[in-house]
Amino acid sequence: MEPVSAAVSAVLPAGGSGERLGGATPKQFCGLQGRPLVSYAVRAMERVSWISDIIVVVSPENIETMKSIIEKYGHKRVTVVKGGITRHRSIFNGLKVFAENQSSNRLLQKPEVVIIHDAVRPFVEEDILLKVVTAAKEHGAAGAIRPLVSTVIASGEDGCLDHSLERARYRASEMPQAFLFDVIYEAYQQCTDHDLDYGTECLHLALKYCKTNAKLVEGTADLWKVTYKRDLYAAESIIKDNLSQQICIITDLKEAVAQVGFLLHESLKSQVKVEAISISLRKNDSHLQNIFSGECYNFLCINDKEYATEEIQQLVDMLEKSNIPLLYPVILILVHLSISENISFSIGLEELTKIKKFAREVKKKNILVYGLLIQCKDHFSLQETVNSAAALTMALIKDRNPELIGQLLVA
């Protein structure tokens, strides 16, 4: 599809109390991999270059919380607005910022098209945003839909089945939705108090008050809304899976270390995308910098020395400067290679203590450090040990468990 030529902004209502989720924290502020859910939705909008401004509407008591999230995670183009007592009143407040220039920070341009998207739907992609915006430009309004999973039935006053709907004829309304700004703003201006207080469907307001028939756009399966606690677990599982799709193996130039790096590459490549580089971490390697500028959140560093403090610290410094750990926790697995006929444990208590202390320090920077020992008698038994190391590596990057940092696993 062609890039968007119209001015486009987004309004994200984030004022829910999270009653159905349970617990004291509203769902939009619940942590996924250490980061609030609302931050994922904001980031999804930020990644789209043609969205000019992002309005996040929160309840009055959560304004400072939202501002601190924006600052902590470096979000750009975001304005926080005080919400109303209902979803529709909150969205109306978000739209007023453009129409009445209520933003105290900067002048916001009134967009031609405005996207409305729930702050608790974190997995929206640019493709569906582009489709609803393009459809809204042509039809005045558009929204994502999905097939109904369950049949909808109606009960009579006696609590017995009255009738059911033919499931094939109906769809579930999802987000995102998009509107010509003047259409949806006029709809909200004409809206009755009853609709503002009890309504839930923005497309219906455009139809009822502006006679605008929305174009319905088939959405993807990942547009679901985090509503219950089980949805949080599912969302975190999806995020972990997305983060575990790529790993970078870093070795020095020694033959034995490079060989293990090659064997790990071969063992891992059927499960995950692997980048393997042989460098000296003391040098500013451009290939490594390119990987840092990409979307790799897993690093495996192999050495045959005792605890290589300087090299590892150099890698951590490079990661921190890249801002990779800002949005997601980065996994750093320190692999110690020991090939010797003497199979006795090759790492002393002092080194184990150093690793643990170091892991606790860098966890504050959102970098999770684990130790992994590859130990074998000779090169003939190396392949089996490397296969075991690869399995442990995949377990670590998929689970991303902060409670295991600083631990030494033996392949």
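See above for the structure.
A quick note: this is a predicted structure, and the numbers were derived from the prediction, not measured.

(A) Spotlight on the sheet that holds strand 6 (residues 113-116). Taken together, seven strands build an open sheet; the order of strands is 5-4-1-6-10-7-11 and the sheet is mixed. Every other strand in the sheet has two partners, leaving strand 5 (78-82) and strand 11 (215-218) as the edge strands with one partner each. Across the sheet, the axes of successive neighbouring strands diverge by a mean angle of 25 degrees, strand direction being ignored. Pairing of strand 7 (residues 141-147) with strand 11, which is carried by four bridges, proceeds in the parallel orientation. Of the residues in strand 11, the one forming a bridge with isoleucine 145 is glutamate 218.

(B) The arrangement of the nonpolar core in detail. Core analysis: the largest hydrophobic core is formed by 107 residues, its most contacted members being Trp50, Ile51, Met66, Ile115, Leu264, Phe299 and Leu332. Not counting residues within four places of it along the chain, the set of residues in contact with isoleucine 115 comprises Val8, Ser9, Ala10, Val11, Met45, Trp50, Ile51, Leu129, Val133, Pro176, Gln177 and Ala178.

(C) View of the side chain of threonine 86. Position of threonine 86 among the secondary structure elements: in the loop between strand 5 and helix 3 (87-100). Since its relative accessible area comes to 17%, threonine 86 is described here as buried. Leave out the neighbours within four places in its chain, and threonine 86 touches Leu196 and Asp197.

(D) Examining helix 1 (residues 37-46) more closely. Burial of helix 1 is extensive: nine of the 10 residues sit out of reach of the surface. Restricting attention to buried positions, one finds in helix 1 the residues Leu37, Val38, Ser39, Tyr40, Ala41, Val42, Ala44, Met45 and Glu46.

(E) Fine view of the packing of helix 3 against helix 5 (residues 181-190). Helix 5 packs onto helix 3 with a crossing angle of 125 degrees between their chain directions and a minimal axis gap of 10 Å. It follows that helix 3 is oblique to helix 5 by the angle criterion. Crossing geometry of helix 3 relative to helix 5 is assigned as left-handed. Along its contact with helix 3, which presents His88, Ile91, Phe92, Leu95, Lys96, Phe98, Ala99 and Glu100, the element helix 5 presents Phe181, Ile184, Tyr185, Tyr188 and Gln189. Taken together, the residues of the contact of helix 3 with helix 5 break down into nine nonpolar, two polar and two charged.

(F) Up close: the sheet that holds strand 13 (residues 273-278). The strand order across the open sheet formed by six strands is 13-12-14-15-16-17, and the pairing between neighbours is parallel. With one partner strand each, in any of the chains shown, strand 13 and strand 17 (408-410) form the two edges of the open sheet. When the angles between neighbouring strand axes are averaged without regard to direction, this sheet yields 20 degrees. Of the pairings in the sheet, the one linking strand 15 (residues 330-339) to strand 16 (residues 367-376) comprises 10 bridges and is parallel in character. Each residue of the ladder has a partner; that of isoleucine 339, found in strand 16, is cysteine 376. Lying on the sheet, helix 9 (residues 255-268) is in contact with strand 12 (246-251), strand 13, strand 14 (298-303), strand 15 and strand 16; it crosses strand 12 at an angle near 165 degrees.

What counts, and at which threshold
Residues numbered from 1 in each chain as written. Predicted model: local features only at pLDDT ≥ 70, side-chain atom pairs only at ≥ 80, totals over all residues. Heavy atoms only, no water. Pairing = 2+ DSSP bridges. Helix = DSSP H or I, 4+ residues; strand = E, 2+ residues; numbered from the N terminus. Axes fitted to C-alpha atoms, helices over the stretch in contact; angles between N-to-C directions. Core = buried A, V, L, I, M, F, W, Y, C linked by side-chain atoms within 4.5 Å. Buried < 20%, exposed > 50% of the residue type's maximum accessible area, 1.4 Å probe, protein only. Contact = heavy atoms within 4.5 Å. Parallel < 35°, antiparallel > 145°, perpendicular 65-115°, else oblique. Left-handed = near helix turned anticlockwise from the far one by under 90°. Nonpolar A, V, L, I, M, F, W, Y, C, P; charged D, E, K, R; others polar.

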